[in-house]
Amino acid sequence: MAVSQNKKIDLTIKATSLSGLTSNGDVVIGDKAFEFYSQRNPEDYIQIPWNEVEMVSASVIFRKKIPRFAIHTKRNGTFPFSTRDNKKTLRAINKYIKDENLRRSLGFFEIVGKGIKGLFSKK
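Here's what I pulled together on the structure shown here. (Residues numbered from 1 in each chain as written. Predicted model: local features only at pLDDT ≥ 70, side-chain atom pairs only at ≥ 80, totals over all residues. Heavy atoms only, no water.)

**Section: the pattern of salt bridges**
And then number 1: With the rule as written, the count across this model stands at three salt bridges.
And then number 2: Note that Lys-8 is salt-bridged to Asp-10, the shortest N-O span being 3.2 Å.
And then number 3: Overall, Asp-10 belongs to the partly exposed group, its relative accessible area being 25%.
And then number 4: Across the salt bridge formed by Arg-75 and Glu-52, the nearest N and O atoms sit 3.1 Å from each other. Residue Arg-75 is found in the loop between β6 (65-73) and β7 (78-83), and its partner Glu-52 is found in the loop between β4 (45-49) and β5 (53-61); the two are separated by 23 residues along the sequence. (Salt bridge = Lys/Arg side-chain N within 4 Å of Asp/Glu carboxyl O. Buried < 20%, exposed > 50% of the residue type's maximum accessible area, 1.4 Å probe, protein only. Helix = DSSP H or I, 4+ residues; strand = E, 2+ residues; numbered from the N terminus.)

Here is the structure:
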């Protein structure tokens, strides 16, 4: 059974982990870490201490809707999530992460545009 790293909990919300196969569960945001606990398997959990978080990127559609966000860690890679209310979740995360480490990820057309520019750039 997983033991929470948090002493104080700021937010608990239903979520989906998009790493590998998707799994539904709960996200817990507290004073020590970001935690995800699966509904089906109590041993399937993700705990990311705040000092391990390098950056949080959010996918934004039409400058209004946030369908998902990803937590980039210093050593263990990227963990994408989607919650019932992503804006509320990101506001809770913002208490523990600096503003410059919360970023908007590139959209589809921005990625395609950079790829086309890269084809024609001189090396």
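**Focus: the sheet that holds β4**
And then number 1: Strands sit in the order β4-β3-β2-β1-β7-β6-β5-β8 across an open sheet of eight strands; the sheet is mixed. Among the strands making up the open sheet, the edge pair consists of β4 and β8 (102-104). The sheet shows a mean angle of 30° between the axes of neighbouring strands, direction not considered.
And then number 2: With three bridges joining them, β5 and β8 adopt parallel strand pairing. Looking at the pairing, Ala-58 lines up with Arg-104 of β8.
And then number 3: Against the sheet, helix α1 (residues 86-94) touches β1 (9-17), β2 (23-30), β3 (33-38), β5, β6, β7 and β8, its axis set at about 35° to β6. (Pairing = 2+ DSSP bridges. Axes fitted to C-alpha atoms, helices over the stretch in contact; angles between N-to-C directions. Contact = heavy atoms within 4.5 Å.)

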